[in-house]
Amino acid sequence: MERTLVILKPDCVRKELIGEVTRRIQDAGFRIRALKMVSLSEKEAEGFYAVHEGKPFFESLIAFMTGGPCVPMVLEKENAVDDFRALIGATDPDEADEGTIRAEFADSIEQNIVHGSDSPENGRREVAYFFPEHEIAAHS
Ligand code: GDP
């Protein structure tokens, strides 16, 4: 079964949308295999988003992601990566399809509620970034 790494970002937590967004994720057929609330250090956020280092929004993104607690989770489903990206919509909520999580809840291209891995390979790497294998449930 395919896995994807999801983060309910600090804006999701601050807006008290953890329950609402998690409900939608489960209603869409994803199984939650691991979940925790963490406050990322600058180093952790920079490591996670290393691919964006040097981009004009990088510093702002790191400040956002370290500005409050967030909720990483491991989700499992067939075709989890693509199906989750479809559920959340485009990075920019103005361009996200109607009914997607970002279209509904996100305030901006940066504060866009949720992260989802963009390939199965990145999913495996990102899952390992947050969760050692023994913290991931085989069934739930
Ligand atoms: P994602 O895969 O849809 O999350 O998008 P990317 O991997 O391209 O970008 C990672 C994250 O950086 C996004 O989810 C946003 O939080 C932020 N981001 C991306 N593009 C921009 C931008 O043009 N401006 C700002 N301020 N933030 C951005």
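Look a little higher up for the structure.
Read on for an overview of the structure.

The rules we used
- Residues numbered from 1 in each chain as written.
- Predicted model: local features only at pLDDT ≥ 70, side-chain atom pairs only at ≥ 80, totals over all residues.
- Heavy atoms only, no water.
- Helix = DSSP H or I, 4+ residues; strand = E, 2+ residues; numbered from the N terminus.
- Buried < 20%, exposed > 50% of the residue type's maximum accessible area, 1.4 Å probe, protein only.
- Contact = heavy atoms within 4.5 Å.
- Pairing = 2+ DSSP bridges.
- Axes fitted to C-alpha atoms, helices over the stretch in contact; angles between N-to-C directions.
- Near = heavy atom within 4 Å.
- Polar contact = N/O pair within 3.5 Å; in protein donor to acceptor, adjacent residues only side chain to side chain.
- Areas by Shrake-Rupley, 256 points an atom, 1.4 Å probe, with all protein chains shown as cover.
- Nonpolar A, V, L, I, M, F, W, Y, C, P; charged D, E, K, R; others polar.

Structural notes on the environment of arginine 85
Point 1. Its location among the elements puts arginine 85 in helix 5 (residues 80-88).
Point 2. Arginine 85 sits in the partly exposed class, given a relative accessible area of 34%.
Point 3. Separated by 29 residues in sequence, arginine 85 and valine 114 have C-alpha atoms that sit 10.0 Å apart.
Point 4. In this structure arginine 85 touches Gly116, Ser117 and Asp118, once residues within four positions along its chain are discounted.

Re the sheet that holds strand 4 (residues 114-116)
Point 1. Read across the sheet, four strands follow the order 2-3-1-4 without closing on themselves; strand pairing throughout is antiparallel. Either end of the sheet is taken by a strand with one partner, and the two such strands are strand 2 (31-35) and strand 4. Neighbour-to-neighbour, the strand axes of the sheet open up by a mean angle of 25 degrees, direction not taken into account.
Point 2. Bridging between strand 1 (residues 2-8) and strand 4 involves three bridges; their strand directions are antiparallel. Within the sheet, the bridge partner assigned to leucine 8 lies in strand 4 and is valine 114.

Observations concerning the site of the ligand
Point 1. Within the structure, the ligand sits among Lys9, Tyr49, His52, Phe57, Leu61, Arg85, Thr91, Arg102, Ile109, Glu110 and Asn112.
Point 2. Taking glutamate 110, its main chain carries an N or O atom lying 2.8 Å from an oxygen atom of the ligand.
Point 3. One of the side-chain N or O atoms of asparagine 112 is found 2.9 Å from an oxygen atom in the ligand.
Point 4. Coverage of the ligand by the protein amounts to 78% of the 550 Å² it exposes when considered alone.
Point 5. In the shell around the ligand, the residues fall into four nonpolar, three polar and four charged.

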